[in-house]
Structure formats: C-alpha cells, structure tokens
Number of protein chains: 2
Amino acid sequence: LVVHVPIADADSSTPRPILDLIAAHQSFVLSGHENPDGDCLGAQVALYHLLHGLGKRVAIVNPDPLTRTYDFLARHTPFSSLRPGAPLPAAEVLVLLDCAWLSRLGKLGERFAAARNKIAVIDHHVGSERGDGSVAYVDHEAPATGSLVHDLWQALGRALTPPAAEGVMLSLVADTGWFRYSNTDARALKLAGQLVEAGVDACALYDRLHRRNQPDSVEILGTALIGARLRLDGRFGYACLDRALVERAARADFDTDVVMEPLRSLDRIEVVALFKERQDGAIKLSLRAKGGIDVHAIAAQLGGGGHKKAAGATLRLPIAQAITAVEQKVREALQAAGMSVGP
Amino acid sequence: LVVHVPIADADSSTPRPILDLIAAHQSFVLSGHENPDGDCLGAQVALYHLLHGLGKRVAIVNPDPLTRTYDFLARHTPFSSLRPGAPLPAAEVLVLLDCAWLSRLGKLGERFAAARNKIAVIDHHVGSERGDGSVAYVDHEAPATGSLVHDLWQALGRALTPPAAEGVMLSLVADTGWFRYSNTDARALKLAGQLVEAGVDACALYDRLHRRNQPDSVEILGTALIGARLRLDGRFGYACLDRALVERAARADFDTDVVMEPLRSLDRIEVVALFKERQDGAIKLSLRAKGGIDVHAIAAQLGGGGHKKAAGATLRLPIAQAITAVEQKVREALQAAGMSVGP
C-alpha cells in the first residue's frame, strides 16, 4: 500500500512512486491543462491504455473537448470534458499530465479540488515536481510528457499497443515540432523508431495532424503573408490578422501559428510576431524567436508569458499602437544583444 | 584483388562487392545526377569521409555546383563541378551515388564515359542494379542512398565522424521529407537517433536547409497562394507563377515547391499542380499526389515523367490552355478512381 507522502519526500525523478500508486489503486481519472495540446492528449492516450490493460477503471476528463485536429484519437480512446452540472467520474486517483497544478485546469480544476482525489503528476516542465501532486514523475530532460508515460510501459515490461504507441508518438511530434526543435535528441528519435515498430504510421499521423485543412485556409494564409512586414534590418517580421481574417480563420479551423512559419524561415530573422485582433478589439500577440533573443522577456514586459522561444500577451491597444509597442521592445532586445536594427 | 565482373554476376544486395572494390583501389571520384539533391550530396559527403579516413585519394565532381541551400556542406567537404575544358581528376574508380547511369550526369557523364574509369553504383532506386556499374550496392528498401553509405561505415566497423553523420542525416531528411513521407520506417528513425549521437544537431540542420530564405520569399509565397484555385469538388488545387513571379522567385533563390504545401494540406485534396511560366513561354508543370492518384501517369500523358506521388512535365501551351489540359487529365484520373469531381 502506498503512503500518501508529501512530494518533497518522494523521489520524482523515477517512475517508481507512480508505479506503486498504480499498483495500489483501482480507479483513475486522467486530466491536463486547458486547451490540451498534442503532448497532453497523447500522454493521456498512452496512460489510458496502460491502465486499462492492467484492468483498472480509467476515464479521461479534460477542461476542453477534443478539437477537430485531434478528433482522430477518439477512434481508440474515450475522451470527455467537463459539462456544467454533470458529475465527475468517481476515482481514487487523479493523474495530471503535462501540467502540475489544478489551477491550469480552469473550472475543472476547482471541481477536482472539491473532489479531493489523490493527485499524481506526470510532466516534463521545470518546477512541476513542486506542483499539486502528492506523487510525481517529472523529468525536465524528457522531450515530451508522452515519453514519460512510455517509461511506465517499459518499467512494467509491457509492449505498447498500437493506440498507445500512437499516443506517445503524438506527444513526441507535438513537442519536438516534428523532430525539428532543439529538443530533438537521440532519445527522441530512437523512441520514435520503436513507436513505428509498435505500429505507428508516421506518414498517416502527419496527414491527420497537418493535412486536413479547410479550403479557405490557403487564401487566409496568402492574405496574411501578403500583409507581412519586415523591420529592424530584417531581424523582426510580423503579420496581422484583422477582426475579419481572425473570424475567417476560426470558421476554417485554421491554425494561425502557421502564418509565422514563412517569416521564421527568413535568413536574418530573429523575432517573429503575429497580431490577431479579437472581437472585443484586444490584440492577441504571439512571439517566436529563431535565435537567442528571449521572447518570454519581451512578452513579460507586455504583461504576457511563455517560454524563451515562444511567448504571447494580450494587448489592449489599437493594432497600429500594438505593433509600435512590440517593435520598440524587440528593438531594445536586439540592441541589448549587440545586433544591428537598421536606421 | 577485385575481378571486374559483369553486374549480373555480382550480388548487389550486400555491400561486400563495393567493400572489396574499395580495399583494392587507391583513388576514387564520386559523382551523381544533375541538379543533385540532399540525398545525393549527403551520400557523397559520407562516402568522401569514409574513403578519406581509409587513406584513399578521393574527389567529388558533380554535374552542377552546390546551390545556396547546400553550400554549408563545403565547410567540411570539398565539392567541385565540371568546368568546360578542365581535366577530370584521375581516379581508378568512379562511384555514382543516388543514380546508376552516366546519362543522368549530362555532359559530365560523357566525359566520364570517355575516361573509362571502373564504375561502382550505390543507390536505392528500383532498376539501379542494372545500371552502368560493374559493381553495385542497391537496396530498394533503403530510405535514402545515404543510409547505404552508412552501411559501409558499419561493415568496416568505423565510427561515423560528425561531418559524415551530417551527410547521412541530410540524405535521410531529404528523402523522407523530414520524416513525414511513407518511407519513414523504424530503421530511418533509429538511424537518425544514431546520427544525432554521432554529433548531428537536427535543429541546426533544419535551419540550414529550410530557414535561410530571402526577404522577398514571404510575399512571393503569399502572392502565389492568393491566386491558387480549387477545382473538381476540391480534389484538385493549383497555383500559377507567371513569368514575373518566376523571375522574382529565381532572384530570391525561392524553392517554389513550397507553394504546393498549403494546397497539399487541404483535407479533400488529391492532386496539386504548380504551373510556372518560363522565360521562353513554355510552362513547367509540377504535380503532387496526396492519396492514391498516380500523377506519374498524368505527367506521362503530357510528355513528362517522375514518380507516382511527384511528377512533372513541360507544356508548350499558353498558361490558360495548360491549366485546362491538366485539369482534364486530373478529372479523368479522379473519375477512374471512382471519385466525385463536382459539376
């Protein structure tokens, strides 16, 4: 039987405490952060099938329903999301994947807090070992949360089923940018090879994730790129989606992050920004760094957050002023890094 | 000592004959097809460093110089290309990589034919075992020619140097579409993991290959996408680059294939076409299939060639007529496959 120890006393760097927890309980509910991404969902899929195969009762309940991009996961794995008034599934243990705090689950987090399940955390983010889990498996070096769930399969000596392998692969490709980001290490690529052996069709997964766009997406992308501008000696590029284009993109389920990619592919570029005008007039800003500029520091000055290479903020300014404000912050960051910024 | 046997008598499915050839000779010249792609160049890099490390004399001579996309290879590996009047390096053995016929080398092929070197072939294309090589290592199942050169390193028990690992990785990512195409198997991904262990920085390689675009490339892409059209119930999409845009793309070193990607990412699409108007008025057609339609068969009807999923042709028609002609062929192919083509 597992003793419910404070997390500081448990070793979160090995899967052992989580494995003991699994052995000692029969019912589990899996969840993760709001707007769950590929890593969060893929890790849930892989853990669902592990627990199910061990004869446990298990349910996935997320703050948000599956978006169209990820709807294919439902063919092998039951997903559900919070509905106001509907009861949560009874479970001894709540497992948070790809996050470590109930506050990241919005209203669902409040419901879970009231339900007082035992909480376990599986995550690869820095600091998650100090999260809401009383048991945790946290590895900052792991390319994805899904690869930590793969460790559990391995530790139990079980061969991944094809749906579980697809889940781990989804996690991996989501968090490595399909093996393009700097976290693409030998471990990630070798694991991907094992997952293909376990039944994943990499090409079909790519098509499912990235090649089911709506017809209007081509013109939306073209329109946004035509309006893109380069500033600061070609080191800063940005595109804007006005209210009408944001609405078109939403109707077409278009992933607007795609607009930043051709800008990020420019030789001299250091920082890319995307400005999206919301219905309420506020500007949603996304920032991406190609080289060493810390866009999290820029976003933080504007009241936002994120990571060093990908960050965002919400600006309550007319779009022209928002652009000027961001350009000024980027100019300062480039100058601080000793780079030319043009006239 | 190697006996110069007709290829029909040698076993081209193992690296042994090529290894014997290497052991028995001191000087090698490496070459490949015209407009060498990443697989051809990467395989040459990997073989250059293997032979060099074995104390052999070795030179790379290609039909065409390195394009800007691949210029970074020259920092570790000397490349040269045919210059009219300049002598070819003297070598006992000519190794053709990623092709099997001297005719694929254009004028350089004629020069090599006259030089009468012994010819070896390393390739992964169907039929290459019947090429111009008197010795060959051909594996149709290999994801890239570079992975066959990796086999030679392994067979000789030598650890890949970082430049050689980068060469094999370039081959792999070129021919698997950065691990997205249907030839992305477990072997390809595990090999990629080994190459990262041997010193390849996957993220840096991606940036070198795909993120050194010129400023104008964003607007060229936007302009081409704005003009893209969908036909045949959304199953056929095309974009056109008129003479002016083709010229802009050439000045910006812009890889126009990129224009087809957003069209290929549409849910219903089966066939994508790109029409490029050349300076002489002829239309260069590129075709890509997403599903099962054989675009090689379509291109062949128009006097072109290629593969099932990627083909092309040159059409001597005004652009509007070229579009009509291609649309008609695509319509017939879709109907033959039992697909709707709209009104």
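The structure presented is a predicted model; accordingly, all values stated were derived computationally and were not measured.

Caption draft 1: Structural context of the sheet that holds strand 12 (residues 310–315) of chain B. All names here are of chain B. What the six strands build is an open sheet, ordered 7-8-9-10-12-11; its pairing is mixed. The open sheet terminates on both sides in strands that have one partner only, identified here as strand 7 (229–231) and strand 11 (305–306). In this sheet, strand 12 lies alongside strand 10 (residues 283–289) in antiparallel orientation, the contact comprising six bridges. Across the sheet, residue L285 finds its bridge partner in strand 12, namely A313.

Caption draft 2: Layout of the interface of chain A and chain B. Of the residues lining the interface, 44 residues belong to chain A; the matching set on chain B comes to 44 residues. Summed over both sides, the interface between chain A and chain B buries roughly 3600 Å², with carbon and sulfur atoms accounting for 65% of that surface. Counting the surface chain A buries against chain B, the share from its top three residues, A:R180, A:R211 and A:V218, is 19%. Summed over the shared surface of chain A and chain B, the result is six salt bridges.

Caption draft 3: Main features of the environment of A:G281. All names here are of chain A. Structurally, the position occupied by G281 is in the loop between strand 9 (271–277) and strand 10 (283–289). The spatial distance from the C-alpha of G281 to the C-alpha of G312 is 17 Å, given a sequence separation of 31 residues. Setting aside its immediate chain neighbours within four residues, G281 contacts R243 and L317.

Caption draft 4: Region of interest: the confidence of the model for chain A. When pLDDT is averaged across chain A, the result is 94; 97% of the residues are at 70 or more. Low confidence marks residues 1–8 of chain A, where pLDDT is under 50. Its contacts with residues over four positions away, or in another chain, come to 15 contacts.

Caption draft 5: Summary view of the relation of the copies chain A and chain B. Placing chain A over chain B gives an RMSD of 0.1 Å and needs a rotation angle of 180 degrees, together with 0.0 Å of translation along the axis. Look at the turn and shift together and you get a two-fold axis relating the two. Taken together, the interface assignments show that 100% of the residues at the interface of chain A recur at the interface of chain B, consistent with an identical surface on both copies.

Caption draft 6: Quick look at the environment of A:A202. Inspection of the secondary structure assignment puts A:A202 in helix 7 (residues 202–210). For the pair A:A202 and A:V126, spaced 76 residues apart in the sequence, the C-alpha separation amounts to 29 Å.

Caption draft 7: Expanded view of the packing of helix 6 (residues 186–197) of chain A against helix 6 (residues 186–197) of chain B. Taken N-terminus to C-terminus, the directions of helix 6 of chain A and helix 6 of chain B make an angle of 165 degrees; their axes are 7 Å apart at the nearest point. Judged by the angle between their axes, helix 6 of chain A and helix 6 of chain B are roughly antiparallel. Handedness of the helix 6 of chain A/helix 6 of chain B crossing: left-handed. Contact residues: A:A186, A:L189, A:K190, A:A192, A:G193, A:Q194, A:V196 and A:E197 in helix 6 of chain A; B:A186, B:L189, B:K190, B:A192, B:G193, B:Q194, B:V196 and B:E197 in helix 6 of chain B. Grouping the constituent residues of the contact of helix 6 of chain A with helix 6 of chain B by class yields eight nonpolar, four polar and four charged.

How each quantity is defined
- Residues numbered from 1 in each chain as written.
- Chains lettered and ligands numbered in written order.
- Predicted model: local features only at pLDDT ≥ 70, side-chain atom pairs only at ≥ 80, totals over all residues.
- Heavy atoms only, no water.
- Pairing = 2+ DSSP bridges.
- Helix = DSSP H or I, 4+ residues; strand = E, 2+ residues; numbered from the N terminus.
- Contact = heavy atoms within 4.5 Å.
- Buried area = accessible area lost by both parts, 1.4 Å probe.
- Salt bridge = Lys/Arg side-chain N within 4 Å of Asp/Glu carboxyl O.
- pLDDT = per-residue confidence, 0-100.
- Least-squares fit on C-alpha atoms with pLDDT ≥ 70 in both.
- Axes fitted to C-alpha atoms, helices over the stretch in contact; angles between N-to-C directions.
- Parallel < 35°, antiparallel > 145°, perpendicular 65-115°, else oblique.
- Left-handed = near helix turned anticlockwise from the far one by under 90°.
- Nonpolar A, V, L, I, M, F, W, Y, C, P; charged D, E, K, R; others polar.

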